[in-house]
Amino acid sequence: MSSDVAEVSVRGGFRLEMPPALVSISISRSTVRRVVTFRDSDAESTFLVALTEIVANAVDEHARLGVDRPIVLEVRFGSDELVRVIDSGEGFSTALRSVPPIPIDGGEPDQRGRGLLLARALVPAIAFESSRTGTVVTLPFAGFGIVR
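A. Looking closely at the overall build of the chain. Along the backbone of the chain there are three helices and eight strands. Reading the chain from its N end, one meets helices and strands in the order β-β-α-β-α-β-β-α-β-β-β. Residue pairs in contact within the chain that sit at least 24 positions apart in sequence constitute 60% of those at least 6 positions apart. Accessible area for the chain stands at about 8,100 Å²; split by element, carbon and sulfur atoms hold 52% of it.

B. Geometry of the packing of helix α2 (residues 41–65) against helix α3 (residues 114–122). Relative to each other, α2 and α3 sit at 155 degrees, their axes nearing to 9 Å. Classed by the angle they form, the pair α2 and α3 counts as roughly antiparallel. The two elements α2 and α3 cross, and the hand of that crossing is left-handed. Judged by residue contacts, Thr46, Val49, Ala50, Glu53, Ile54 and Asn57 of α2 engage Gly115, Leu116, Leu118, Ala119 and Leu122 from α3. Along the lines of polarity and charge, the residues of the contact of α2 with α3 split into seven nonpolar, three polar and one charged.

C. The packing of helix α1 (residues 23–35) against α2, seen in detail. Packing of α1 against α2 brings their axes to within 9 Å, and their N-to-C directions diverge by 145 degrees. Judged by the twist between their axes, the crossing of α1 over α2 is right-handed. On the side of α1, the interface is formed by Ser24, Ile25, Ser28, Arg29, Val32 and Arg33, while α2 contributes Glu44, Phe47, Leu48, Val49, Leu51, Thr52, Val55, Ala56 and Val59. Class assignment of the residues belonging to the contact of α1 with α2 gives a composition of nine nonpolar, three polar and three charged.

D. View of the packing of aromatic side chains. Summed over the entire model, instances satisfying the criterion amount to three aromatic pairs. For the pair Phe38 and Phe47, a centre-to-centre distance of 5.9 Å together with 50 degrees between the ring planes defines the contact as tilted. Of the residues examined, Phe38 reaches a relative accessible area of 12% and is grouped as buried. For the ring pair Phe47 and Phe144, a centre distance of 5.4 Å and an interplane angle of 65 degrees mean the geometry is edge-to-face. Of this pair, Phe47 sits in helix α2 while Phe144 is found in the loop between β7 (134–140) and β8 (145–147), placing the two residues 97 residues apart along the sequence.

E. The arrangement of the side chain of Arg84 in detail. On the secondary structure map, Arg84 appears in strand β5 (residues 82–87). Of note is the side chain of Arg84, whose polar atom sits 3.1 Å from the side chain of Thr138. Apart from the residues within four sequence positions on either side, Arg84 is in contact with Val72, Leu73, Glu74, Arg76, Val136, Val137 and Thr138.

F. Spotlight on the pairing of strand β6 (residues 127–131). In terms of strand pairing, β6 meets β7 through five bridges, oriented antiparallel. Across the sheet, Glu129 pairs through a bridge with Val136, a residue of β7. Taking the residues that link successive antiparallel strands as the turn, the β6-β7 hairpin has two residues.

G. Spotlight on the nonpolar core. In terms of nonpolar packing, the biggest core is built from 34 residues, with Val32, Phe47, Leu51, Val83 and Leu139 touching the most fellow members. Elements with a contribution of two residues or more to this core: β2 (13–18), α1, β3 (36–38), α2, β4 (71–76), β5, α3 and β7. Here this core takes ten residues from α2, the largest share from any one element.

Rules of the game
Residues numbered from 1 in each chain as written. Predicted model: local features only at pLDDT ≥ 70, side-chain atom pairs only at ≥ 80, totals over all residues. Heavy atoms only, no water. Helix = DSSP H or I, 4+ residues; strand = E, 2+ residues; numbered from the N terminus. Contact = heavy atoms within 4.5 Å. Areas by Shrake-Rupley, 256 points an atom, 1.4 Å probe, with all protein chains shown as cover. Axes fitted to C-alpha atoms, helices over the stretch in contact; angles between N-to-C directions. Parallel < 35°, antiparallel > 145°, perpendicular 65-115°, else oblique. Left-handed = near helix turned anticlockwise from the far one by under 90°. Nonpolar A, V, L, I, M, F, W, Y, C, P; charged D, E, K, R; others polar. Phe/Tyr/Trp six-rings, centres within 6.5 Å; stacked < 30°, edge-to-face > 60°. Buried < 20%, exposed > 50% of the residue type's maximum accessible area, 1.4 Å probe, protein only. Polar contact = N/O pair within 3.5 Å; in protein donor to acceptor, adjacent residues only side chain to side chain. Pairing = 2+ DSSP bridges. Core = buried A, V, L, I, M, F, W, Y, C linked by side-chain atoms within 4.5 Å.

As C-alpha coordinates, this is what we get:
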(Lines give C-alpha, C1' and ligand atoms only; values in the text may rest on other atoms or scores of the structure.)
Protein backbone atom coordinates (compact mmCIF):
# COMPACT_ATOMS: atom_id res chain seq x y z
CA MET A 1 0.00 0.00 0.00
CA SER A 2 1.13 3.52 -0.66
CA SER A 3 2.12 5.94 2.07
CA ASP A 4 -1.18 7.77 1.40
CA VAL A 5 -3.11 4.91 2.97
CA ALA A 6 -3.24 4.66 6.75
CA GLU A 7 -4.47 1.60 8.60
CA VAL A 8 -5.99 1.99 12.04
CA SER A 9 -6.99 -1.04 14.09
CA VAL A 10 -10.32 -1.05 15.89
CA ARG A 11 -11.88 -3.68 18.10
CA GLY A 12 -13.54 -6.24 15.87
CA GLY A 13 -12.22 -4.81 12.63
CA PHE A 14 -10.01 -2.20 11.02
CA ARG A 15 -10.12 1.12 9.18
CA LEU A 16 -8.18 2.32 6.17
CA GLU A 17 -7.83 6.00 5.40
CA MET A 18 -7.54 6.25 1.63
CA PRO A 19 -6.72 9.22 -0.58
CA PRO A 20 -9.66 10.97 -2.28
CA ALA A 21 -8.49 9.56 -5.62
CA LEU A 22 -9.48 6.80 -8.04
CA VAL A 23 -6.81 4.48 -6.60
CA SER A 24 -9.09 4.15 -3.56
CA ILE A 25 -11.47 2.05 -5.65
CA SER A 26 -8.72 -0.54 -6.22
CA ILE A 27 -7.55 -0.34 -2.61
CA SER A 28 -11.05 -0.94 -1.24
CA ARG A 29 -11.81 -3.82 -3.63
CA SER A 30 -8.46 -5.50 -2.96
CA THR A 31 -8.83 -5.11 0.80
CA VAL A 32 -12.31 -6.62 0.85
CA ARG A 33 -11.21 -9.52 -1.39
CA ARG A 34 -8.38 -10.33 1.01
CA VAL A 35 -10.49 -10.45 4.16
CA VAL A 36 -13.82 -11.85 2.98
CA THR A 37 -14.65 -15.39 1.94
CA PHE A 38 -17.52 -14.93 -0.47
CA ARG A 39 -20.29 -17.50 -0.87
CA ASP A 40 -19.46 -17.83 -4.58
CA SER A 41 -18.08 -15.79 -7.49
CA ASP A 42 -21.49 -14.22 -8.21
CA ALA A 43 -21.76 -12.97 -4.63
CA GLU A 44 -18.23 -11.58 -4.85
CA SER A 45 -18.91 -9.78 -8.14
CA THR A 46 -22.21 -8.38 -6.91
CA PHE A 47 -20.77 -7.06 -3.66
CA LEU A 48 -17.67 -5.59 -5.30
CA VAL A 49 -19.70 -3.76 -7.97
CA ALA A 50 -21.77 -2.15 -5.20
CA LEU A 51 -18.61 -1.24 -3.26
CA THR A 52 -17.05 0.21 -6.41
CA GLU A 53 -20.08 2.44 -6.99
CA ILE A 54 -20.02 3.72 -3.41
CA VAL A 55 -16.27 4.45 -3.33
CA ALA A 56 -16.41 6.06 -6.80
CA ASN A 57 -19.24 8.27 -5.58
CA ALA A 58 -17.15 9.33 -2.56
CA VAL A 59 -14.14 10.09 -4.79
CA ASP A 60 -16.33 12.13 -7.16
CA GLU A 61 -17.87 14.09 -4.29
CA HIS A 62 -14.47 14.90 -2.79
CA ALA A 63 -13.21 16.04 -6.21
CA ARG A 64 -16.34 18.11 -6.90
CA LEU A 65 -15.90 19.97 -3.62
CA GLY A 66 -12.11 20.09 -3.59
CA VAL A 67 -12.07 18.12 -0.31
CA ASP A 68 -8.65 16.69 0.52
CA ARG A 69 -9.65 14.67 3.59
CA PRO A 70 -9.35 10.88 3.30
CA ILE A 71 -12.11 8.48 2.41
CA VAL A 72 -12.38 5.83 5.12
CA LEU A 73 -13.00 2.14 4.53
CA GLU A 74 -14.02 0.35 7.71
CA VAL A 75 -14.33 -3.44 7.86
CA ARG A 76 -16.03 -5.03 10.86
CA PHE A 77 -16.19 -8.69 11.78
CA GLY A 78 -17.68 -10.76 14.56
CA SER A 79 -21.34 -10.05 15.26
CA ASP A 80 -21.36 -7.14 12.77
CA GLU A 81 -19.85 -8.30 9.49
CA LEU A 82 -19.92 -5.27 7.25
CA VAL A 83 -17.98 -2.68 5.35
CA ARG A 84 -18.50 1.06 5.72
CA VAL A 85 -17.39 3.79 3.37
CA ILE A 86 -17.14 7.18 5.06
CA ASP A 87 -16.62 10.38 3.09
CA SER A 88 -16.39 14.08 3.92
CA GLY A 89 -18.56 15.45 1.14
CA GLU A 90 -21.71 17.49 1.54
CA GLY A 91 -23.90 14.41 1.68
CA PHE A 92 -26.77 13.87 -0.71
CA SER A 93 -30.46 14.50 -0.68
CA THR A 94 -33.04 11.79 -0.30
CA ALA A 95 -34.13 12.65 -3.84
CA LEU A 96 -30.92 11.10 -5.19
CA ARG A 97 -31.85 7.80 -3.54
CA SER A 98 -34.86 7.52 -5.82
CA VAL A 99 -33.62 8.75 -9.18
CA PRO A 100 -36.15 7.74 -11.85
CA PRO A 101 -35.24 5.16 -14.49
CA ILE A 102 -33.70 6.18 -17.79
CA PRO A 103 -36.41 7.73 -19.99
CA ILE A 104 -37.63 5.49 -22.82
CA ASP A 105 -38.29 8.51 -25.05
CA GLY A 106 -34.55 8.90 -25.67
CA GLY A 107 -34.23 11.96 -23.45
CA GLU A 108 -31.00 12.55 -21.57
CA PRO A 109 -31.36 11.39 -17.96
CA ASP A 110 -29.55 12.96 -15.01
CA GLN A 111 -26.78 10.46 -14.29
CA ARG A 112 -25.94 11.73 -10.81
CA GLY A 113 -27.03 9.23 -8.16
CA ARG A 114 -27.34 6.21 -10.46
CA GLY A 115 -24.49 4.39 -8.67
CA LEU A 116 -26.44 4.66 -5.42
CA LEU A 117 -29.44 2.99 -7.04
CA LEU A 118 -27.27 0.26 -8.51
CA ALA A 119 -25.61 -0.37 -5.14
CA ARG A 120 -29.04 -0.53 -3.44
CA ALA A 121 -30.27 -3.03 -6.06
CA LEU A 122 -27.18 -5.23 -5.61
CA VAL A 123 -27.01 -5.04 -1.80
CA PRO A 124 -30.60 -4.53 -0.62
CA ALA A 125 -29.58 -4.19 3.06
CA ILE A 126 -27.30 -1.23 2.27
CA ALA A 127 -27.78 1.74 4.61
CA PHE A 128 -27.07 5.42 3.95
CA GLU A 129 -26.51 8.06 6.62
CA SER A 130 -25.96 11.47 5.09
CA SER A 131 -25.44 14.96 6.46
CA ARG A 132 -23.76 18.17 5.37
CA THR A 133 -20.48 16.86 6.77
CA GLY A 134 -20.44 13.63 4.83
CA THR A 135 -21.94 10.25 4.20
CA VAL A 136 -21.58 6.84 5.81
CA VAL A 137 -22.63 3.92 3.62
CA THR A 138 -22.90 0.53 5.32
CA LEU A 139 -22.81 -2.65 3.23
CA PRO A 140 -23.46 -5.79 5.31
CA PHE A 141 -21.83 -9.06 4.22
CA ALA A 142 -24.88 -11.15 5.22
CA GLY A 143 -25.79 -13.39 2.31
CA PHE A 144 -22.57 -12.61 0.47
CA GLY A 145 -19.87 -14.15 2.60
CA ILE A 146 -17.99 -13.94 5.88
CA VAL A 147 -14.98 -11.99 7.09
CA ARG A 148 -12.17 -14.44 7.72
